[in-house]
Amino acid sequence: ALQREAASMTTGGTQHFAAELRAEAGVPMAGVTVQWTVLDEGIASVSPIGLATGTAAGTARIEARVSGHEVADTVTLVVSTGPPKRPVPPVPEGA
(Lines give C-alpha, C1' and ligand atoms only; values in the text may rest on other atoms or scores of the structure.)
Protein backbone atom coordinates (compact mmCIF):
# COMPACT_ATOMS: atom_id res chain seq x y z
CA ALA A 1 0.00 0.00 0.00
CA LEU A 2 1.11 3.54 -0.58
CA GLN A 3 1.86 5.64 2.46
CA ARG A 4 -0.61 8.32 1.32
CA GLU A 5 -3.78 8.49 -0.72
CA ALA A 6 -3.38 12.08 -1.92
CA ALA A 7 -0.76 14.82 -2.11
CA SER A 8 -0.36 18.28 -3.59
CA MET A 9 2.49 20.39 -4.91
CA THR A 10 3.21 23.35 -7.15
CA THR A 11 4.63 23.10 -10.65
CA GLY A 12 8.33 22.40 -10.46
CA GLY A 13 7.94 20.91 -6.98
CA THR A 14 8.82 17.37 -6.03
CA GLN A 15 7.25 14.79 -3.74
CA HIS A 16 8.65 11.40 -2.80
CA PHE A 17 6.23 8.48 -2.57
CA ALA A 18 6.92 5.16 -0.89
CA ALA A 19 5.12 1.83 -0.96
CA GLU A 20 4.89 -0.49 2.02
CA LEU A 21 4.65 -4.05 0.71
CA ARG A 22 3.15 -6.76 2.89
CA ALA A 23 2.10 -10.35 2.17
CA GLU A 24 -1.44 -11.51 2.90
CA ALA A 25 -0.48 -12.42 6.47
CA GLY A 26 0.81 -8.86 7.01
CA VAL A 27 4.46 -9.88 6.84
CA PRO A 28 6.67 -7.28 5.08
CA MET A 29 7.79 -8.40 1.63
CA ALA A 30 11.50 -8.10 0.88
CA GLY A 31 13.31 -8.15 -2.44
CA VAL A 32 10.38 -6.92 -4.56
CA THR A 33 10.60 -4.16 -7.13
CA VAL A 34 8.05 -1.35 -7.33
CA GLN A 35 7.40 0.16 -10.76
CA TRP A 36 6.19 3.78 -10.64
CA THR A 37 4.01 5.18 -13.43
CA VAL A 38 2.11 8.41 -14.05
CA LEU A 39 -1.34 7.61 -15.40
CA ASP A 40 -2.00 11.23 -16.44
CA GLU A 41 1.07 12.33 -18.37
CA GLY A 42 1.64 16.02 -18.88
CA ILE A 43 0.73 16.90 -15.27
CA ALA A 44 3.57 15.11 -13.50
CA SER A 45 6.47 12.75 -14.01
CA VAL A 46 7.76 10.08 -11.64
CA SER A 47 11.21 8.52 -11.34
CA PRO A 48 11.97 4.83 -10.80
CA ILE A 49 12.37 5.53 -7.05
CA GLY A 50 8.97 7.25 -6.67
CA LEU A 51 10.06 10.89 -6.88
CA ALA A 52 7.26 12.83 -8.58
CA THR A 53 7.74 16.26 -10.18
CA GLY A 54 4.83 18.57 -11.01
CA THR A 55 5.09 19.73 -14.63
CA ALA A 56 1.72 21.46 -15.19
CA ALA A 57 -1.37 22.40 -13.20
CA GLY A 58 -3.94 19.61 -12.90
CA THR A 59 -4.58 16.26 -11.26
CA ALA A 60 -2.48 13.18 -11.91
CA ARG A 61 -2.62 9.64 -10.61
CA ILE A 62 0.65 8.00 -9.65
CA GLU A 63 0.61 4.20 -9.70
CA ALA A 64 2.89 1.84 -7.81
CA ARG A 65 2.86 -1.69 -9.22
CA VAL A 66 4.74 -4.63 -7.72
CA SER A 67 6.82 -6.38 -10.34
CA GLY A 68 5.73 -9.98 -10.90
CA HIS A 69 2.49 -9.60 -8.92
CA GLU A 70 -0.99 -8.35 -9.76
CA VAL A 71 -0.74 -5.74 -7.01
CA ALA A 72 -1.06 -2.02 -7.66
CA ASP A 73 -2.11 1.09 -5.76
CA THR A 74 -2.55 4.71 -6.81
CA VAL A 75 -2.17 8.11 -5.19
CA THR A 76 -3.87 11.27 -6.46
CA LEU A 77 -1.51 14.20 -6.96
CA VAL A 78 -2.88 17.73 -7.38
CA VAL A 79 -0.43 20.13 -9.04
CA SER A 80 -1.07 23.87 -8.90
CA THR A 81 0.85 26.77 -10.36
CA GLY A 82 3.52 28.10 -8.05
CA PRO A 83 3.74 31.60 -6.70
CA PRO A 84 4.69 34.17 -9.33
CA LYS A 85 8.39 34.79 -9.64
CA ARG A 86 9.63 38.27 -8.90
CA PRO A 87 10.54 40.05 -12.12
CA VAL A 88 14.18 40.83 -12.69
CA PRO A 89 14.62 44.59 -13.05
CA PRO A 90 16.13 45.69 -16.36
CA VAL A 91 19.79 46.58 -16.39
CA PRO A 92 20.24 50.34 -17.00
CA GLU A 93 21.98 51.25 -20.23
CA GLY A 94 25.70 51.76 -19.79
CA ALA A 95 25.89 49.62 -16.68
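**Quick notes on the pairing of strand E6 (residues 58-66)**
Strand residues, when the strand is regular, have side chains that alternate between the two faces of the sheet. Strand direction decides the pairing type here: strand E3 (residues 34-38) and E6, joined by 5 bridges, are antiparallel. Paired with Val34 across the bridge in E6 is Val66. Linking E6 to strand E7 (residues 72-80), which pair antiparallel, is a turn of 5 residues; within it Gly68 sits at a positive phi near 85°.

**Section: the confidence of the model for the chain**
On average, residues of the chain carry a pLDDT of 83, and 86% of them reach 70 or more. Considering each helix and strand of the chain separately, the mean pLDDT is smallest for E7, with a value of 87, and largest for strand E4 (residues 44-46), with 94.

**As for the sheet that holds strand E1 (residues 6-10)**
Sheet strands pair by backbone hydrogen bonding; their relative direction is either parallel or antiparallel. Sheet architecture is open: 4 strands sit in the order E1-E7-E6-E3, paired in mixed fashion. At either end of the open sheet lies a strand with only one pairing partner, and these are E1 and E3. Averaged over all adjacent pairs, the angle separating strand axes in this sheet is 25°, with direction ignored. The sheet contact formed by E6 and E7 spans 8 bridges and is antiparallel. The partner of Thr59 across the bridge, within E7, is Val78.

Conventions and cut-offs
Residues numbered from 1 in each chain as written. Predicted model: local features only at pLDDT ≥ 70, side-chain atom pairs only at ≥ 80, totals over all residues. Heavy atoms only, no water. Pairing = 2+ DSSP bridges. Helix = DSSP H or I, 4+ residues; strand = E, 2+ residues; numbered from the N terminus. pLDDT = per-residue confidence, 0-100. Axes fitted to C-alpha atoms, helices over the stretch in contact; angles between N-to-C directions.

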